[in-house]
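Results of the structural survey
Spelled out, the chains give:
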Amino acid sequence: MSSQKQAVPPTPLLEEKHNGIPARLFDKAQKTKARILDIATKTQVTRRREPAIPQGIEKGKFLEALEDLSRQLRKENVEIVDKPLKDGWYMENPNTHDSMHVLDDEEFIASAIVYPGDTAEVQKIVLWANKHHIPIFPISIGRNFGYGGAAPRVRGSVVVDLGRRMNKILDINPDDCTCLVEPGVTFYALYEEIQARGYKHLWIDVPDLGGGSILGNTLDRGVGYTPYGDHWTFHSGLEVVLPTGEVIRTGMGALPNNNSWQIFPYGFGPYADGIFSQSNFGIVTKLGMALMPDPGGYESYLYTFQKEEDLTQLVEIIRPLRIANILENVAQLRHVVEQIACLGKPRSTYWQGEGSMPDDVIHEVAKSLSHGDCTWLYYGMAYGPKEIRQYKLDIIHKEFMKIPGARRIDPSTLPKDDYFWSRDRIASGVPDLEELAWVNWHPNGAHIAFSPVSPVRGVDATKLWKIAKTRCNENGLDLFPTYVVGLREMHLIVEIVFNRDDPKMRKAIHDCMRAMIDDAAKEGYGEYRTHLAFMDQIAGTYNWNDNALMKFNQRLKDCLDPNGILAPGKSGVWPARYRGRGWELTKEGRETSEGNGVAPPSASTKL
Ligand code: FAD
């Protein structure tokens, strides 16, 4: 085993690659990678593959079009995808496909990758796609794991990988506490740059892992865990290349020579930003973001709750405290099974049986955790100088302890490598890599998330928990539920880890996801974000007033993108050329990702 570990090739460093690991996390990255490789069994195909040509264009014409693009952007910036697919791992992620694929890995796959170097080159790519009627799909870093990774929705799309060459931090304003970034700036990169510039008073807000793009994560409405956790809320200003090639700046960015782009998001007139998030209406090339000022102190806390049924009372306690900002950050209420998985060992260490791991086994294993056995854990952080923190911590303690069996875990009793300290880093804006541990629950570990939104109410939390638990049990799957509590709503994020090399397991996941989405919609819950494979189904649940919202989105799509070249099908929004041809992946539909062709381009839509 140790000789295997020595053989682990080094993870690229941030100083070598825009998406590399900061030097301070190198050892952790190596350990994480070794753990993944230790149990990996998926055989790597070595033969060359035929590129996936998108429907609507014949191969010869497609290759000619790529030549045309290579001439415009230089040969080294255009790559055809004809080599064997490499899944890599989180830190060395492919830009060709979803390396955590829930369908076959050849389904959501790129035909070619293009690397623009600036906004003008993004415009060129968009105009090229219109000229040849080729679908394109933007990624910033392509680590959208659980939601599709780097994969395009339409097989054979040309992936526009913005991150590789457009990765500048354009501005950090230490007075206004804002920044302006290009697509390839990761949370790791921004954090390290802030430290390097000595801006000790500036915090960033980070998701569980720091390797994602600030811009990509924000566009997908991702979350982090400081009081600035809702990234979309804290962005201000976009630069966007429209599908027809024009460039716009939103908010104050539309006013030449203004100095308020990153501090006042709205500008004047209709607020356009919303239509560029989770959408296929534009390629974003710059994004402004608020940074949090150092609050002058912070303190993490952890409470555990014994019984599954405690959930109802606990969530009722959380709601008023969160709305009043006594619970200040986007905190996490987790099930203990995920804590077991956070040790990074595969589930076979604890249980070799078929089906979901039984509750009694979970609780038996949980006894050996640093905090002992329990069912729910609340990880939070109080901010500010000691006396301010104490005021809030006392209220929280009094309220949480009303639940029989509740315990406050004294952090000083926890070892330095305990998971608690990773949450402490994340909630204080220090990007980490620890969270990847639970994806090792199965060999060739992949994960997918079921993420419904609900009010912060005990009855809703319990209903969603039951839906998820019932469906996962039916399909023989383990579930890692975490309630991520925003200000007035919460996302239940049910992570399901699977072996991506096991078609039976992938099918079980697929069936389970479809059933949970339907069950939730029947009760009035919708998901905040999803994997490419479930976008059509979820978009279909937002169907009030005879699908009025989707009709509106389709009208916008057809108007902004008359040739339907930009990320067709993203979030269930299909352009006219694809509609009515069976591209939608729904419960009733096939589980291959392609439809039956696209309509020929109409002469009137030539740009
Ligand atoms: P990308 O993959 O580059 O893009 C994300 C989406 O935005 C894609 O749909 C893409 O098409 C679109 N997009 C990207 N760039 C552009 C552009 N320039 N113009 C238009 N559209 C664009 N996520 C969270 O939010 N919070 C978490 O706490 C979290 N925890 C995770 C834990 C684990 C263990 C793992 C594996 C993943 C987790 N994720 C989490 C999911 C994911 O890793 C992050 O959200 C990550 O930031 C997304 O990848 P990215 O930033 O590289 O975005």
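Structure: above.
Attention in this report is confined to the structure presented alongside it. Only a predicted model underlies this, so the values are computations on that prediction, with no experimental measurement involved. (Residues numbered from 1 in each chain as written. Predicted model: local features only at pLDDT ≥ 70, side-chain atom pairs only at ≥ 80, totals over all residues. Heavy atoms only, no water.)

Let's talk about the site of the ligand
Surrounding the ligand, one finds 33 residues, the nearest of these being Ser140, Arg143, Ser213, Tyr225 and Val284. Note that an oxygen atom of the ligand is positioned 2.7 Å from one of the backbone N or O atoms of Ser213. For the shell around the ligand, the secondary structure elements donating two or more residues are strand 3 (136-139), helix 6 (214-219) and strand 10 (283-290). Of all the elements, helix 6 adds the most residues to the shell around the ligand, at 4 residues. Of the residues in the shell around the ligand, the class split is 16 nonpolar, 11 polar and 6 charged. In terms of domain composition, the shell around the ligand takes at least three residues from each of domain 2 (169-293) and domain 3 (298-537). (Near = heavy atom within 4 Å. Polar contact = N/O pair within 3.5 Å; in protein donor to acceptor, adjacent residues only side chain to side chain. Helix = DSSP H or I, 4+ residues; strand = E, 2+ residues; numbered from the N terminus. Nonpolar A, V, L, I, M, F, W, Y, C, P; charged D, E, K, R; others polar. Domains from an automatic or database assignment.)

Some remarks on helix 9 (residues 359-366)
Among the residues making up helix 9, those that are buried are Val361, Ile362, Val365 and Ala366. Viewed end-on, helix 9 has its buried residues packed into an arc of 135 degrees, placing them on one side of the element. Residues of helix 9 that are exposed and point more than 90 degrees away from the buried face comprise Asp360 and Glu364. Taken together, the buried residues of helix 9 touch helix 8 (336-341). (Buried < 20%, exposed > 50% of the residue type's maximum accessible area, 1.4 Å probe, protein only. Arc of directions from axis to C-beta. Contact = heavy atoms within 4.5 Å.)

A few points about the packing of helix 12 (residues 458-474) against helix 13 (residues 503-522)
Between helix 12 and helix 13, whose axes approach to 9 Å, the crossing angle comes to 150 degrees. By the angle class used here, helix 12 and helix 13 are roughly antiparallel. Crossing handedness for the pair helix 12 and helix 13: right-handed. Only Cys512, Ala515, Met516, Asp519 and Ala520 of helix 13 make contact with helix 12, whose side of the interface consists of Leu464, Ile467, Ala468, Arg471 and Cys472. Residues belonging to the contact of helix 12 with helix 13 are distributed by class as follows: 8 nonpolar, no polar and 2 charged. (Axes fitted to C-alpha atoms, helices over the stretch in contact; angles between N-to-C directions. Parallel < 35°, antiparallel > 145°, perpendicular 65-115°, else oblique. Left-handed = near helix turned anticlockwise from the far one by under 90°.)

Observations concerning the sheet that holds strand 1 (residues 78-80)
Strand order in the open sheet made by the 4 strands is 1-2-4-3, with mixed pairing throughout. Two strands lie at the open edges of the sheet, namely strand 1 and strand 3, each paired on one side alone. Between one strand axis and the next, the sheet turns by 25 degrees as a mean value, whatever way the strands run. Strands strand 1, strand 2 (110-114) and strand 4 (157-161) of the sheet are contacted by helix 3 (residues 59-73), whose axis makes an angle of about 155 degrees with strand 1. (Pairing = 2+ DSSP bridges.)

Digging into the packing of aromatic side chains
Considering all chains together, one arrives at 22 aromatic pairs under this definition. Their ring planes at 85 degrees and their centres at 5.1 Å tell us that Tyr303 and Phe400 sit as a pair that is edge-to-face. One end of the pair, Tyr303, is in strand 12 (residues 298-305); the other, Phe400, is in helix 10 (residues 386-400), and 97 residues separate them in sequence. In this structure Phe400 comes out as buried when scored by relative accessible area, which is 0%. Taking 6.4 Å as the distance between ring centres and 40 degrees as the angle between the ring planes, the aromatic pair formed by Tyr379 and Phe420 counts as tilted. Of this pair, Tyr379 sits in strand 14 (residues 376-383) while Phe420 sits in helix 11 (residues 419-427), placing them 41 residues apart in sequence. Each of the two residues, Tyr379 as well as Phe420, counts as buried. Members of the aromatic cluster, connected to one another through ring pairs, are Tyr301, Tyr303, Phe305, Tyr378 and Phe400. (Phe/Tyr/Trp six-rings, centres within 6.5 Å; stacked < 30°, edge-to-face > 60°.)

A closer look at the packing of helix 3 against helix 4 (residues 119-132)
With their axes 11 Å apart at the nearest point, helix 3 and helix 4 run at an angle of 160 degrees to one another. With respect to helix 4, the element helix 3 is oriented roughly antiparallel. Note on packing geometry: the crossing formed by helix 3 with helix 4 is right-handed. Between helix 3, through Ala65, Leu66, Asp68, Leu69, Gln72 and Leu73, and helix 4, the contact on the second element is made entirely by Glu121, Lys124, Ile125, Trp128, Lys131 and His132. Counted by class, the contact of helix 3 with helix 4 contains 6 nonpolar, 2 polar and 4 charged residues.

What about the nonpolar core?
Ranked by size, the top nonpolar core spans 177 residues in total, and within it Ile136 and Phe400 carry the most contacts. At 8 residues, the largest contribution of residues to this core is made by helix 13. With near-sequence residues (within four places) excluded, Ile136 lies in contact with Ile125, Val126, Trp128, Ala129, Ser157, Val158, Val160, Ile283, Ile565, Leu566, Ala567 and Pro568. (Core = buried A, V, L, I, M, F, W, Y, C linked by side-chain atoms within 4.5 Å.)

Overview of a nonpolar patch on the surface
There is a patch of nonpolar side chains on the surface, built from Ile263, Phe264, Tyr266 and Tyr271 and spanning about 390 Å² of accessible area. Inspection of the secondary structure assignment puts Ile263 in the loop between strand 9 (247-249) and strand 10. (Patch = residues over 30% accessible without salt bridge, like charges linked within 9 Å, V, L, I, M, F, W, Y side chains within 5 Å. Areas by Shrake-Rupley, 256 points an atom, 1.4 Å probe, with all protein chains shown as cover. Salt bridge = Lys/Arg side-chain N within 4 Å of Asp/Glu carboxyl O.)

Observations regarding the pairing of strand 6 (residues 178-181)
The two faces of the sheet receive side chains in turn, since in a regular strand these alternate between them. The alternating pattern of strand 6 places Thr178 and Leu180 on one face and Cys179 and Val181 on the opposite face, and all of these are buried. Bridging between strand 5 (residues 169-173) and strand 6 involves 4 bridges; their strand directions are antiparallel. By the bridge assignment for strand 6, Ile172 is matched with Cys179.

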